[in-house]
Amino acid sequence: MKDKPLILSLLVGLIMVLVVAGVSLLVKINSLSGFREELAKKNMTLEKTIEDLKAENSAITEKNKVLTEDVNKANEKVTELKTELTKLEKLKAKLEDNLADELIKQDSDVKK
């Protein structure tokens, strides 16, 4: 009989320890659940941001292609204009020579 209060107090103590451990686990689980939900929200936000950035990247890439084509066309035009300028400079030199010859010819005709 003397052992009954000791066993009873050990049993009550064990139950208290189990209750405290259970409550502690529940608090920890709730804390982790809230943290998990917060991470899930952040993950969704980051996924949306990634999708937006992918769309923006595609638009920029397309714009870059168009601009590259425009630059290439402009470079071709510059090359054509340089060629034309060279031709015109040759023609100008030829015309100046012809004009000089004509002036000399007229000058000599006037003197005769």
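Residue numbers restart at each chain and count upward from 1, following the sequence in its written direction. Whole-chain, interface and lining totals are the exception, using all residues; otherwise, since this is a predicted model, local features are given only for residues with pLDDT of at least 70 and side-chain atom pairs are given and counted only at 80 or more. Heavy atoms throughout the structure, all of them, feed into the side-chain values; hydrogens and water do not.

Looking at this model, I keep getting lost on the overall build of the chain. Mind explaining?
Secondary structure elements are taken from DSSP: a helix is a run of H or I of four residues or more, a strand is a run of E of two residues or more, and numbering for both begins at the N terminus. A count of helices and strands for the chain gives one helix and zero strands. Atoms considered for the radius of gyration are the C-alpha atoms alone. The globule rule reads 2.2 Å times the number of residues to the power 0.38. The C-alpha atoms of the chain give 47 Å as radius of gyration, which overshoots the globular expectation for 112 residues (13 Å, by more than 25%). The principal-axis extents of the C-alpha atoms in the chain amount to approximately 160 × 20 × 15 Å. Remark: exposure states derive from per-residue accessible area (1.4 Å probe, protein chains only) relative to the maximum for the residue type, with buried under 20%, exposed over 50%, and partly exposed in between. Here the chain holds 112 residues, and 0% of them are scored as buried. With an accessible surface of roughly 10,700 Å², the chain has 65% of that area assigned to carbon and sulfur atoms. For this count, His and the chain ends are skipped, Lys and Arg are scored as positive, and Asp and Glu as negative. Think of each charge as sitting on NZ of Lys, CZ of Arg, CG of Asp or CD of Glu. Looking at the chain, you have 20 positive and 20 negative side-chain charges, and the mean spots of the two groups are 9 Å apart. For the area figures, the Shrake-Rupley method with a 1.4 Å probe applies, and any residue is considered shielded solely by the protein chains shown.

I tried to follow the pattern of salt bridges on my own but got confused; where do I start?
Oppositely charged side chains can pair when the atoms bearing their charge come close. Just to be clear on terms, a salt bridge is a Lys or Arg side-chain nitrogen sitting within 4 Å of an Asp or Glu carboxyl oxygen. Applying the stated rule across the entire model yields two salt bridges. With its nearest N and O atoms 3.6 Å apart, the salt bridge here joins E38 to K42. On the criterion of helical spacing, the pair formed by E38 and K42 is a turn pair, its members being four residues apart in helix α1 (residues 3-111). Relative accessible area serves as the criterion here: at 41%, E38 is assigned to the partly exposed category.

Help me out: how do you make sense of a nonpolar patch on the surface in this one?
Residues L11, L14, I15, L18, V19, V23 and V27 make up a contiguous nonpolar surface patch of roughly 640 Å² in combined accessible area. One can find V19 in helix α1. Any residue with relative accessible area above 30% and no salt bridge may belong to a patch, with like charges joined within 9 Å and the nonpolar Val, Leu, Ile, Met, Phe, Trp and Tyr side chains within 5 Å.

Help me out: how do you make sense of the environment of K41 in this one?
Structurally, the position occupied by K41 is in helix α1. Residue K41 is classed as exposed on the basis of its relative accessible area, which comes to 59%.

Read these as layout, nothing more, since geometry by itself doesn't imply function.
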